[in-house]
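Chains, contacts and geometry: an overview
Given next are the chains, with one letter for each unit.
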Amino acid sequence: MFEERRVIVVGIVGKNTEQTSKADPINRLLQRPVFQQHVASNNGNTIASWLTESTYNLTMFEERRVIVVGIVGKNTEQTSKADPINRLLQRPVFQQHVASNNGNAIASIEAFYSPEMSTLFLHLSGYGDMCSLEYFLNKNSTSDDRKGFFENLSDIETEHTRCLAFLLVYSHALLFVDPGCRFDQSYCRALKHANELRIRLREQISSKLEAVEDFPHAWAVEGRLAQPRFLFAFHRHLLRVDLSSLRRVC
């Protein structure tokens, strides 16, 4: 749609340091971290990589108040739990997560900060997603691991619980997106296990938060940065289109 416009091409050349980037003036002009410091990492944990890179790339927004939104749910072949967020951001930020053969962890958290909304989105991928389950089944059938099927499945659930516990500590809101039209009772079990893990680690988290300068004492004692609100969204509604309006009411 821009093919008939006249375009100016600007090249950015220079040096980066630990404190500054040659692209900082352009990022401030565009009011978003378009060009970021490249940090090489062998760690497959996307949230860890994002936290490392944000030290360099998001310093211009450090005085802003930020809302953290966690995205949890299930993906299918047709729909993704991140579709509503991608439409909101008008870009395919979160895509279907496919576990890598180079990594052992299936569950992971992807992070994206929107400077326009002052919102940090944390997208949990893993247990419950179609592509992750397919990868697990294929890996389990071809692996020489001595662990049994249910033992490996338990390990995946443990990974998912750890990631969900992380979201319970850091999120202001948790968005549960389901491809169906009914509430999945497994969400209750997953939240219960994640909250139990959070409580067990509360003293350790509290000690870390108390060491942060000017951090609110009440939240440090609680061992979390926020108390999340829960929102449940469904891709399909309960009303069947093949029924008459009278039967729908009944």
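Structure first, text after, so check above.
Summarised in this report is the structure supplied together with it. Predicted model only: the values in this text are computed from it and were never measured.

Rules used in this analysis
- Residues numbered from 1 in each chain as written.
- Predicted model: local features only at pLDDT ≥ 70, side-chain atom pairs only at ≥ 80, totals over all residues.
- Heavy atoms only, no water.
- Core = buried A, V, L, I, M, F, W, Y, C linked by side-chain atoms within 4.5 Å.
- Buried < 20%, exposed > 50% of the residue type's maximum accessible area, 1.4 Å probe, protein only.
- Helix = DSSP H or I, 4+ residues; strand = E, 2+ residues; numbered from the N terminus.
- Pairing = 2+ DSSP bridges.

1. Notes on the nonpolar core
One finds V72, I109, L122, L124, L164 and L167 to be the most contacted residues of the largest nonpolar core, which totals 22 residues. When contributions to this core are tallied by element, the ones reaching two or more residues are strand 1 (67-73), strand 2 (108-114), strand 3 (119-125), helix 5 (149-170), strand 4 (173-178) and helix 6 (186-200). Looking at this core, the element that brings in the most residues is helix 5, giving five residues. Listed in part, the 10 residues of the second largest apolar core include V69, A82, I85 and F94.

2. Quick word on the pairing of strand 3
Counting buried positions along strand 3 yields seven of seven residues, so the element is predominantly enclosed. Side chains of strand 3 alternate between two faces, with T119, F121, H123 and S125 and L120, L122 and L124 buried alike. Sheet analysis places strand 1 next to strand 3, joined by five bridges and oriented parallel. Of the residues in strand 3, the one forming a bridge with V69 is F121. As paired strands, strand 2 and strand 3 are joined by seven bridges and run antiparallel to one another. Residue pairing across strands places S114 opposite T119, the latter belonging to strand 3. If you look at the hairpin formed by strand 2 and strand 3, you'll find four residues sitting between the two strands, and S118 has a positive phi there, around 50°.

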